[in-house]
Amino acid sequence: MDPVEVAAAPPDTGPGPVWQSKCPWGAPNTASISCSLADVMSEQLAKELQLEEENAAFPEVVAVAEGPFITGENVDTSSDLMLAQMLQMEFDREYDAQLRREEKKINGDSKVSISFENYRKVHPYDSDSSEDEVDWQDTRHDPYRADKPTTTPRKGFIGKGKDITTKHDEVVCGRKNTARMENFAPEFQVGDGIGMDLKLSNQVFNALKQHAYSEERRSARLHEKKEHSTAEKAVDPKTRLLLYKMVNAGMLETITGCVSTGKESVVFHAYGGNATEGKVIPPECAIKVFKTTLNEFKNRDKYIKDDYRFKDRFSKLNPRKIIRMWAEKEMHNLTRMQNAGIPCPEVVILKKHVLVMSFIGQDQVPAPKLKDVTLSSEDMKKAYYQILNMMQQLYKECNLVHADLSEYNMLWHDGKVWLIDVSQSVEPTHPHGLEFLFRDCRNVSQFFQKGGVAEALNERELFNAVSGLNITADNEVDFQAEIEALEKMNEDHVQNHGKKLSMFSSDGDPPVYDE
């Protein structure tokens with residue numbers, strides 16, 4: 001192709017009037033420029049021509065004092081300050097990108113998210129941001145979140161004619177069930193089905209819902225057992241902290257280990273420390289930690305709720321207070337027995353559900369239970385009369401009924417019997433106090449009769465000997481019927497006259513039951 005000549009009007013060769021040279025309508029007096037068509041179509045040439053026109057139209061603007069605007073292109077790198085700013089900006093961009101990745105990794109699909117906004121290092125001159133990225137603060141609309149299904153109007157259907165869709169439609173119900181999976185517990189993994197057009201049938205959704213609830217209850221039970229309960233030969237963190245404070249205060253020197261376990265408590269052996277608050281600490285102590293699991297106390301609340309000393313403080317709605325009250329009940333019962341001179345552990349201190357007592361035994365070896373020791377006939381006879389005397393003292397002087405007296409709760413130490421485990425002991429005015437006493441008499445009588453003690457009384461004779469009552473019944477059924485009648489009579493008397501014994505008081509004679 002022949003080159004195209006691009007030329008302006010020829011210049012004036014001769015002299016002319018002045019007004020003609022300055023006429024605005026005249027052709028410009030410029031030199032002719034010749035170029036090819038390829039140059040005219042060139043993009044680079046167009047940019048250069050545009051830059052020349054902009055430079056001619058707008059003067060050069062002097063840079064402001066705040067500092068240069070870094071664009072990353074055609075930057076003068078001769079200045080050390082400029083290089084430092086560029087390096088710092090690049091480092092901050094990588095740091096912010098790492099923070100965004102950490103946020104995405106930690107948050108995941110959780111409804112509650114965290115943000116590292118306070119740790120971001122975005123500079124005001126950092127204008128190089130991707131338009132495709134979603135602003136981390138813009139949570140009004142999440143493009144990756146599935147749209148919630150449209151609700152069905154109150155009339156129960158949408159559409160008209162053949163296009164009517166009711167709320168029982170299979171597709172609509174399936175999508176609603178998928179959306180309802182968001183209400184499951186956070187620890188129940190539902191996968192990424194929520195972000196899909198997944199349709200769950202009612203049968204599948206109900207099965208998942210039931211499984212989620214069962215898993216949540218199982219997790220709660222495991223957490224309860226691990227964090228808030230005292231297991232076999234182990235203590236929970238709260239109990240461990242109580243024991244640590246006792247050792248740290250100098251009350252206990254060291255805790256050696258577990259010596260006994262039962263249905264309701266765990267007993268540890270410890271060496272006593274220095275005397276505190278004027279109270280002498282025995283050389284060896286027994287730490288009775290009441291189990292904070294509630295399983296053992298479901299059928300034992302009758303020992304507290306009907307006891308007039310604790311009746312006003314009993315709360316069925318707060319079972320953990322029952323456990324502490326159980327420990328407090330044993331402390332007060334042991335104090336009564338100790339004041340009456342009955343051989344029993346000496347109370348040192350009570351902290352919530354931890355009761356520290358004197359140790360019945362020697363050198364970390366607990367005294368054997370009466371059921372485990374082999375006694376001669378003389379010692380067995382001696383033990384029987386001693387227990388008979390203690391039961392009478394317990395009833396008349398301490399105004400208490402053991403309510404769980406057997407060979408399992410009696411220790412043999414230093415040639416005599418020691419009573420332990422009196423947390424369930426009640427007063428005779430308890431609605432079931434005489435029933436508990438009759439049960440204790442049966443256990444004691446059967447044990448010593450099997451042990452060969454000929455002088456051992458039967459349960460009815462032992463009951464009359466301990467209580468001082470004269471119930472003359474030929475058989476056990478009639479005997480228990482009279483006991484229940486006396487209990488009913490006493491309960492009516494207390495309710496009618498409002499009689500209530502003073503709290504933890506052992507003064508005065510026990511109430512008298514008249515036939």
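Residues numbered from 1 in each chain as written. Predicted model: local features only at pLDDT ≥ 70, side-chain atom pairs only at ≥ 80, totals over all residues. Heavy atoms only, no water.

Under the annotation held in an unreviewed UniProt entry, the protein chain carries the name Serine/threonine-protein kinase RIO3 and is attributed to Rhynochetos jubatus. UniProt, in its Sequence similarities (unreviewed entry) section for the protein chain, records the words "Belongs to the protein kinase superfamily. RIO-type Ser/Thr kinase family." The UniProt entry for the protein chain carries the following comment under Subunit (unreviewed entry): "Interacts with CASP10. Interacts with IRF3; RIOK3 probably mediates the interaction of TBK1 with IRF3. Associated with 40S pre-ribosomal particles." (UniProt positions renumbered as here; feature names shortened; annotations may be inferred.)

Visitor: Hey, could you go over the nonpolar core for me, with residue numbers and the actual values?
Guide: By size, the foremost hydrophobic cluster in this structure holds 54 residues, and its most contacted members are Ile-387, Phe-448 and Phe-463. Looking at this core, the elements that each hand over two or more residues are helix H9 (319–339), strand E7 (354–358), helix H10 (377–396), strand E10 (410–413), strand E11 (416–419), helix H11 (433–450), helix H12 (459–467) and helix H13 (476–497). Take this core: its biggest share by element is nine residues, from H10. Beyond its immediate chain neighbours, meaning those up to four positions away, Phe-448 contacts Leu-370, Met-380, Ala-383, Tyr-384, Ile-387, Val-453 and Ala-456. Judged by nonpolar contacts, the second largest core, of 16 residues, contains Ala-270, Ile-287, Val-289 and Val-354. (Core = buried A, V, L, I, M, F, W, Y, C linked by side-chain atoms within 4.5 Å. Buried < 20%, exposed > 50% of the residue type's maximum accessible area, 1.4 Å probe, protein only. Helix = DSSP H or I, 4+ residues; strand = E, 2+ residues; numbered from the N terminus. Contact = heavy atoms within 4.5 Å.)

Visitor: How would you explain a negative patch on the surface if you had to name every residue and give the values?
Guide: Negative charge collects at one region of the surface, where Glu-48, Glu-52, Glu-53 and Glu-54 lie side by side. Within the secondary structure, Glu-48 sits in helix H3 (residues 43–57). Classification of Glu-48 as partly exposed rests on a relative accessible area of 39%. (Patch = residues over 30% accessible without salt bridge, like charges linked within 9 Å, V, L, I, M, F, W, Y side chains within 5 Å. Areas by Shrake-Rupley, 256 points an atom, 1.4 Å probe, with all protein chains shown as cover. Salt bridge = Lys/Arg side-chain N within 4 Å of Asp/Glu carboxyl O. Lys, Arg positive; Asp, Glu negative; His and termini not counted. Charge placed at Lys NZ, Arg CZ, Asp CG, Glu CD.)

Visitor: Residue-level account of the sheet that holds E7, with values.
Guide: Reading across the sheet, the five strands line up as E3-E4-E5-E7-E6 and stay open at both edges, with antiparallel pairing between neighbours. A single partner strand is all that each edge strand has here, and the edge strands are strand E3 (252–261) and strand E6 (347–351). With direction set aside, neighbouring strand axes in the sheet form an average angle of 25°. (Pairing = 2+ DSSP bridges. Axes fitted to C-alpha atoms, helices over the stretch in contact; angles between N-to-C directions.)

Visitor: Now, about the packing of H10 against H12: what can you tell me, with residues and values included?
Guide: The N-to-C vectors of H10 and H12 enclose an angle of 50°; their axes lie 8 Å apart at closest approach. With respect to H12, the axis of H10 lies oblique. Only Leu-462, Ala-465, Val-466 and Ser-467 of H12 make contact with H10, whose side of the interface consists of Tyr-384, Leu-388, Met-391, Gln-392, Tyr-395 and Lys-396. Classifying every residue of the contact of H10 with H12 gives seven nonpolar, two polar and one charged. (Parallel < 35°, antiparallel > 145°, perpendicular 65-115°, else oblique. Nonpolar A, V, L, I, M, F, W, Y, C, P; charged D, E, K, R; others polar.)

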